[in-house]
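Chain and residue survey
One-letter residues, chain by chain:
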Amino acid sequence: MRNLEQLDVEHPRSLEEAVELLAAGGQAVAGGTDLVVGVRTARQTPNRLVYVGQIRELKQIVHDSQGARIGAAVSHAELFESTVADRLPILRQALSTIGGPAIRAMGTLGGNAANASPAADGLIPLYLLDTQVDIFGPDGERSVPIQSFIRGPGSPDLHPGELIRSFTVRFPRENPLSYFRKVGRRRALVIAIASLGSLVWVDGDRIRAARLALGSVAPTVLRPARVEEALVGCDLNAPALADIARQLGDETCPIDDVRASADYRRRVAGSLLLDMAEHLQ
Amino acid sequence: MKLAFELNSRPVVLDVPPGRRLLDLLRDDLGLIGTKEGCGEGECGACTVLVDGSPKLACLMLAAQLPGCSVVTVEGLAQTGELHPLQKAFIDHGAVQCGFCTPGLLMASYALLQRHPQPSRQTVRDYLAGNLCRCTGYDQVVEAVLSVSRGGQRI
Ligand SMILES: Cc1cc2nc3c(=O)[nH]c(=O)nc-3n(C[C@H](O)[C@H](O)[C@H](O)COP(=O)(O)OP(=O)(O)OC[C@H]3O[C@@H](n4cnc5c(N)ncnc54)[C@H](O)[C@@H]3O)c2cc1C
Ligand code: FES
Ligand code: FES
C-alpha cells in the first residue's frame, strides 16, 4: 500500500496557480473519493497532488434563462440542492443514486467526469443535456462536447496541466419528461450493471423527441442515435416499444465482468426502455 | 503543513503531512478514538464525521482539505458529559450491539436530523444507506432515529 503521507499535496488558491502545479507534474484531487481509494490500493501512483476543491471559480454555479454553468468542484450534494436542479429534474434523479450521503457531500462532478468511467452516474445527465466541458490549461481555455471529452474508459481529453473548470448545460426547451434508473445488486453504494437516463418530449401519448443515455453497456456512456430516431412518432407505452427495446440491446456493446455478463446487460438495457415507458406514460 | 481547523467547537493547530488522513489525525494525533476505521475505502461509513455540517468520510479526507473547516466527531455529541438524545435513543432501542458501526451511524443520523427534523422512515433508511452494520439488522437503528424526531428534541 502506497503511503499517502509521502505525497506532496498542494492547495492553490487560484486557477492559474493550480494549472502551473499540474503542468509541473501534479495530479488534481477534488473530493478524493476516487483518487484516495486509488492511491491506497496502488491503482494510481501520482507523485504529487493538487487540491482544487477550494478554488472559488470551481465552486460556483451560475445560470440565466438559457442554461447554467456548473463549477467542476461543486459536490453532488451542492448541485442536488441548487436552484439549477429545480430546472433540471434529471440532475436530481441521477445524482441521488451516487454512493450515500457522505460520498455525495464529498464527490464532485469534475471528478466524476475526469474518471471517465462508463458507469459514472453523473455523466448520464451531462450526455442528455449536450453539455460542453470547459477546460482551463497552460494554453488558455477551450470547450469540447462531453461526447468527445470522454474518449474511452478512464481516458478524458485532458492534456498535461489542464483541468476541468466547469460544465455548460442548456436548459431543454419545453420541459421534457425525465427518467433515470440504475440497475445493480442492491439499492445503495452500487456500481451500475446498466443504467438509463432519458428526456422525452410528448404530444399526448406520442413521442415527439427523445434523448437516451446508457451507462455500463459500452466503453463510454452511450447515446443510441438510431434508437432515439426510431422512437419519434411511437406511442409511449411498453407494448408499442417492444421492438425498439430489442433494437436498443443491439445498439449497445457491453462487456462481461465481475458484475454481469454482456448478454445480461444487453437485455437489461432493453428492459430499462420498457420500464421508462411504464413510468413516464 | 501547518493545519488550523476547528474540532468539536475548539480551535486546533497541528503540524501534519498534507496527505495525512483525517481519520489518522483524529485517532493517532489527537487521541479521539471514537471515529472508527472499517474498510478504509469509503464503503462502510464507520468513519463518518461532520465537516462544515455535512457528513464526510474521515478515511478519504486529507489534511490538505481541512484548513478552516469545522469538524464534529462522536466525541462532540456528548461534550457536556451527558449523552446526546440520539445516543440515549440508540441505547434504549437496542441499536448498539458490538458498537463498531455506532459512531458513524450516530454522526450520519445527527446530520440527517439537522437537515430533516421530522424524517419519514424511508428518508431515514435512505440517509443511512452508506453505513453498514453487521449486527443489528438496522431496524433498531431506524427506530432510535425516529424516536428522537418524534420526541421533538432540538438536535
Ligand atoms: C463508496 C463509493 C461509492 C461510489 N458510488 C458511486 C456511484 O454510485 N456512482 C458514481 O458515478 N460514482 C461513484 N463513486 C465514485 C466517485 O465518488 C465519483 O466518481 C465522484 O464524483 C468523484 O469525484 P471526486 O471529486 O471525489 O474525485 P477525485 O477522487 O478527487 O478525483 C477523481 C479523478 O478526477 C480527477 N479530477 C478531479 N477534479 C478534476 C478537475 N476539476 N479537472 C480535472 N481532473 C479532475 C482527479 O485527478 C482524479 O483522476 C463512488 C465512490 C466510492 C468510494
Ligand atoms: S472506514 Fe471510512 S468508509 Fe469505511
Ligand atoms: S453494532 Fe456491530 S456492526 Fe453495528
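Residues numbered from 1 in each chain as written. Chains lettered and ligands numbered in written order. Predicted model: local features only at pLDDT ≥ 70, side-chain atom pairs only at ≥ 80, totals over all residues. Heavy atoms only, no water.

1. Concerning the packing of aromatic side chains
Evaluated as defined, the whole model comprises 0 aromatic pairs over all chains. Over the face of the ring belonging to Phe171 of chain A we find Arg87 of chain A, whose NZ or CZ atom lies 4.1 Å from the ring centre. (Phe/Tyr/Trp six-rings, centres within 6.5 Å; stacked < 30°, edge-to-face > 60°. Lys NZ or Arg CZ within 6 Å of the ring centre and 35° of its normal.)

2. Let's talk about the site of ligand 1
In the vicinity of ligand 1 there are 33 residues, among which Ala28, Ala30, Thr33, Thr108 and Asp121 of chain A approach most closely. Chains contributing residues to the immediate surroundings of ligand 1 are chains A and B. Elements represented by at least two residues in the shell around ligand 1 include exactly β2 (27-29), α7 (109-115) and β10 (163-170) of chain A. By residue class, the composition of the shell around ligand 1 is 14 nonpolar, 14 polar and 5 charged. (Near = heavy atom within 4 Å. Helix = DSSP H or I, 4+ residues; strand = E, 2+ residues; numbered from the N terminus. Nonpolar A, V, L, I, M, F, W, Y, C, P; charged D, E, K, R; others polar.)

3. Things to note about the nonpolar core
Residue and element names in this part refer to chain A. One finds Leu123 and Phe149 to be the most contacted residues of the largest nonpolar core, which totals 75 residues. The element that contributes the greatest number of residues to this core is helix α8 (residues 123-128), accounting for 5 residues. When near neighbours in sequence (up to four residues on either side) are disregarded, Leu123 contacts Asn112, Ala113, Ser117, Ile146, Ile150 and Val221. In terms of nonpolar packing, the next biggest core, distinct from the first, is built from 27 residues, Leu196, Leu212, Leu231 and Cys234 among them. (Core = buried A, V, L, I, M, F, W, Y, C linked by side-chain atoms within 4.5 Å. Buried < 20%, exposed > 50% of the residue type's maximum accessible area, 1.4 Å probe, protein only. Contact = heavy atoms within 4.5 Å.)

4. A closer look at the sheet that holds strand β7 (residues 140-145) of chain A
Note on sheets: strands pair through backbone hydrogen bonds, and any given pair is parallel or antiparallel. All names here are of chain A. Taking strand neighbours across the sheet as the criterion, the 5 strands line up as β4-β5-β10-β6-β7 in an open arrangement whose pairing is antiparallel. At either margin of the open sheet sits one strand with a lone partner, and together these are β4 (61-63) and β7. Each adjacent strand pair in this sheet contributes to an overall mean axis angle of 20°, direction not counted. On the sheet, helix α1 (residues 15-23) packs against β6 (132-137) and β10 and is oriented at approximately 125° with respect to β10. (Pairing = 2+ DSSP bridges. Axes fitted to C-alpha atoms, helices over the stretch in contact; angles between N-to-C directions.)

5. Quick notes on the interface of chain B and chain A
Taken together, the contact pairs 29 residues of chain B with 25 residues of chain A. Between chain B and chain A, roughly 2,200 Å² of surface is buried when both sides are summed, and carbon and sulfur atoms account for 64% of that area. If you sort the residues of chain B by the area they bury against chain A, Leu60, Leu62 and Gln65 of chain B come out on top, with a joint share of 23%. Inspection of the chain B/chain A interface yields 2 salt bridges. Across the pair Glu37 of chain B and Arg40 of chain A runs a salt bridge whose closest N-O atoms are separated by 3.6 Å. Counting the contacts that link chain B with chain A gives 3 residue pairs in polar contact (both at pLDDT 80 or more). Elements that contribute at least two residues to the side of chain B that touches chain A include exactly β4 (54-57) and α4 (121-127) of chain B. The greatest single-element share of the side of chain B that touches chain A, amounting to 4 residues, is contributed by β4 of chain B. (Buried area = accessible area lost by both parts, 1.4 Å probe. Salt bridge = Lys/Arg side-chain N within 4 Å of Asp/Glu carboxyl O. Polar contact = N/O pair within 3.5 Å; in protein donor to acceptor, adjacent residues only side chain to side chain.)

Keep in mind that these numbers describe shape and distance, not what the molecule does.
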